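Structural overview for review
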Amino acid sequence: MEKMAKVAKIVGISATATLKTVLGNYDIDYLQRKLLDKYYVLSEIEHKRLKEFLDKSKEHYNRTNINVEFTDISATEYCDKVWTHLVSEDESQEIVEKLNKDYCYDSTSDFIKCRFYRISWAFKQFFSHDDIKSFLCFMNLHPDDGNDLSRDMLYFIFDRIVGEKDKSKDYVCYLNKKDYENNLKSIKDKLSNGDKLFVISVYKTLGTGQNPQYKIPNGIDVVKINENYYSDEKDFDAIYLDKPTNVISNLYDSSKQKWDDTDFLKFVFEMEYLCQNGDISDAQKKDLINAGAKKLSGIPFVGLKDKPNFESMQPYKGLATQWINQGCGRISRTNNKNQNIYIFADRDIASVIDTTVKTSIPLSPEFEKLLDELMKIGVQKSAPTLYEEKAK
């Protein structure tokens, strides 16, 4: 990019173009440092004009209510009793017995069970709100009977929330890369016909640029948030945002014991970026890449003595924040909204959110409201880089 920019004019167009994360964007600080006066930013007049345009596009948002609610437990607080928050004691016991039978094989069991709880908690919100007809649930893993988020287990739990056997399947749709376009069309058609749907996807499938909005069903009242254009489509009514995981290639992912060449090369570049940015030392980089090479060879990974806390690093938070922001963007595609807009989220996303984006990039009212509520429950600041520590 630096070489090209010295001989040609390059325009970066993205809502998150200035987001500072070497994992999910160009190294903005590096480019500014190298290009000097050839690195252009918007002038104050241009910023003002853009802000006026954005403000106009949001002028009637005050006619809506943006509701934010976080999961009632964090990942470390999981215990079998939490299921009584969603279903009766007898039904809770049934769920616990099945989970213990199917998912009690190693130290990750509580993590797996808590993931089932979070998605079930989201489904409970969907089912219990009459004014939610369309719900988009963002996870990190596609539910599949071949992994640790079994569809059969989900239906077992969801049926108890619905109160009728084999009924929850009528509400649940999956959106993954397999036959994506046809599945999305089917979902849109059902929603346009007035069906109530809980759509499960992952950040990487339904992320940047995807358009899940659908035609307004007959008899549905919507709030028009601006007069910029006419549209016969509306946005989803609600969203759930799980805490992004595997933002960096995960050495500890037991579901993938052996990496392929692409996995390893991606990991090498991630470690190089973090080292150049001062987030990890040369020694840590070497140990991590050696561990990655072992995983490429299929050698069991036993851990590291000096394991970096990636989640505390600004580049990690920046990329996780980008994913969450883009997730919120999927319910901000049109100017037609439900009067009540719902954002449900894993309370643990507070540990990976970068609140500095509030003053550095344009935000949708939904994401801005989420940031405000996260700041109330407490967010963790990014750890200083090695360069910053040395400068103290």
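Let us look at the structure shown here. Residue positions within a chain follow its written sequence, with the count starting from 1. Totals for whole chains, interfaces and linings use every residue, but because this is a predicted model, local features are given only for residues with pLDDT of at least 70 and side-chain atom pairs only at 80 or more, for both listing and counting. As a rule here, side-chain values cover all heavy atoms of the structure and leave hydrogens and water aside.

A few points about the packing of aromatic side chains
- Pairing of aromatic rings covers Phe, Tyr and Trp, the last through its six-membered ring, and needs centres within 6.5 Å; plane angles under 30 degrees mean stacked, over 60 mean edge-to-face, and all others mean tilted. In the structure shown here, the tally under the stated rule is 22 aromatic pairs.
- Ring centres of Trp-83 and Tyr-117 lie 5.2 Å apart, and the angle between their planes is 80°; on these two criteria the pair is classed as edge-to-face. Taken together, the residues Trp-83 in the loop between strand S1 (65-70) and helix H4 (89-102) and Tyr-117 in helix H5 (residues 109-128) connect sequence positions 34 residues apart. Like Tyr-117, Trp-83 is buried.
- One aromatic cluster is present, built from ring pairs that chain together Trp-121, Phe-123, Phe-126, Phe-127, Phe-135, Phe-158, Tyr-171, Phe-198, Tyr-240, Tyr-342 and Phe-344.
- Directly above the ring of Tyr-174 sits Arg-151, whose terminal nitrogen or CZ lies 3.7 Å from the centroid.
- Lying across the ring of Phe-156, Arg-160 places its NZ or CZ 3.7 Å from the centre. For the purposes of this entry, the term helix denotes a DSSP run of H or I that reaches at least four residues, the term strand denotes a run of E that reaches at least two, and both are numbered from the N terminus. Buried residues are those whose accessible area, probed at 1.4 Å on protein chains only, stays under 20% of the maximum for their type, while exposed residues exceed 50% and partly exposed ones sit between those limits. Both a distance and an angle decide whether a charge sits over a ring: NZ of Lys or CZ of Arg must be within 6 Å of the ring centre and within 35 degrees of the ring normal.

Some words on the nonpolar core
- Judged by nonpolar contacts, the single largest core of 60 residues is most densely connected at Leu-241, Met-271, Phe-310, Phe-367 and Leu-370.
- With sequence-adjacent residues up to four places away left out, Met-271 is seen in contact with Ile-248, Ile-280, Lys-285, Leu-288, Ile-289 and Phe-310.
- In this description, a nonpolar core means a group of buried Ala, Val, Leu, Ile, Met, Phe, Trp, Tyr and Cys residues linked to one another through side-chain atoms lying within 4.5 Å. Ile-132, Val-172, Phe-198 and Phe-344 belong to the second-largest nonpolar core, a separate cluster that totals 40 residues. When checking whether two residues touch, look at their non-hydrogen atoms; a contact exists if any pair is within 4.5 Å.

Topic: the sheet that holds strand S4 (residues 197-202)
- For two strands to pair, DSSP has to find at least two bridges joining them. Judged by pairing direction, the sheet is parallel, and its six strands sit side by side in the order S1-S10-S8-S2-S4-S3 without closing on themselves. In the strand order of this sheet, the two ends are held by S1 and strand S3 (172-174), each with one partner. Taking the axes of each pair of neighbouring strands and ignoring which way they run, one obtains an average angle of 20° across the sheet.
- Summarising the sheet, S1 and strand S10 (residues 340-345) pair through six bridges and their orientation is parallel. For Asn-65, the partnering residue across the bridge sits in S10 and is Asn-340.
- In this fold helix H6 (residues 151-162) packs onto S3 and S4, with an angle of close to 160° to the strand it touches most, S3. In this description, a line fitted to the C-alpha atoms serves as the axis of each element, helices being fitted only across the stretch in contact, and the angle between N-to-C directions of two axes falls anywhere from 0 to 180 degrees.

Some points on the pairing of strand S2 (residues 134-139)
- With six of six residues buried, S2 lies mostly within the body of the structure.
- The two faces of S2 match: Ser-134, Leu-136 and Phe-138 on one face and Phe-135, Cys-137 and Met-139 on the other face are all buried.

As for unusual backbone geometry
- The backbone of Asp-166 shows a phi angle near 60°, a positive value even though the residue is not glycine.
- Tracing the sequence through the fold places Asp-166 in the loop between H6 and S3.
- We note that Asn-246 has phi near 50°; this positive angle belongs to a residue other than glycine.
- Mapped onto the fold, Asn-246 is located in the loop between strand S8 (238-241) and helix H8 (261-276).
- Take Asn-246: its relative accessible area is 34%, and that puts it in the partly exposed class.

Overview of the pattern of salt bridges
- The term salt bridge refers to a side-chain nitrogen of Lys or Arg lying within 4 Å of a carboxyl oxygen of Asp or Glu. Under the criterion given, the structure shown has 18 salt bridges.
- Among the ionic pairs, Arg-118 bridges to Asp-346, the shortest N-O distance being 3.5 Å. Taken as a pair, Arg-118 in helix H5 and Asp-346 in the loop between S10 and helix H11 (365-377) lie far apart in primary sequence, 228 residues in all.
- Relative accessible area serves as the criterion here: at 7%, Arg-118 is assigned to the buried category.
- Of the charged contacts in the structure, one is a salt bridge between Lys-234 and Asp-237, with a shortest N-O distance of 2.5 Å. The same class applies to Lys-234 and to Asp-237, which are both buried.
- Residues joined by salt bridges that share partners form a network here, namely Arg-118, Asp-242 and Asp-346.

Focus on a nonpolar patch on the surface
- Judged by side-chain polarity, Met-1, Met-4, Ile-10 and Tyr-26 come together as a nonpolar surface patch covering roughly 390 Å² of accessible area.
- Assessed through its relative accessible area of 40%, Ile-10 is described here as partly exposed. Residues enter patches when their relative accessible area tops 30% and they take part in no salt bridge; the joining distance is 9 Å for like charges and 5 Å for the nonpolar side chains Val, Leu, Ile, Met, Phe, Trp and Tyr. Areas reported here follow the Shrake-Rupley algorithm with a probe of radius 1.4 Å; residue values treat only the protein chains shown as occluding.

Description of the environment of Asp-261
- Topologically, Asp-261 is positioned in helix H8.
- A relative accessible area of 55% places Asp-261 in the exposed class.
- When the C-alpha positions of Asp-261 and Tyr-61 are compared, they lie 47 Å apart, and in sequence the two are 200 residues distant.

Regarding the side chain of Ser-150
- Within the secondary structure layout, Ser-150 lies in the loop between S2 and H6.
- In the analysis that follows, any N or O atom pair within 3.5 Å is treated as a polar contact, provided that within protein one partner can donate a hydrogen and the other can accept it, and provided that, for residues neighboring in sequence, both atoms belong to side chains. At 3.2 Å, the side chain of Ser-150 forms a polar contact with the backbone nitrogen of Asp-152.
- Those residues in contact with Ser-150 that lie beyond four places of it in its chain are Tyr-103, Phe-116, Asp-144 and Asp-145.

Re helix H2 (residues 28-35)
- Every buried residue belonging to H2 is among Ile-28, Leu-31 and Leu-35, and all of these are buried. For H2, the angular spread of the buried residues around the axis is 65°, confining them to a single face.
- Where H2 is buried, its residues meet helix H1 (2-7).
- The opening residue of H2, the one whose side-chain oxygen lies 3.4 Å from the backbone nitrogen of Asp-29, is Asp-27.
- Backbone geometry just after H2 places Leu-36 at a positive phi near 50°. Each direction from the helix axis to a C-beta atom contributes to the arc, which is the arc of those directions.

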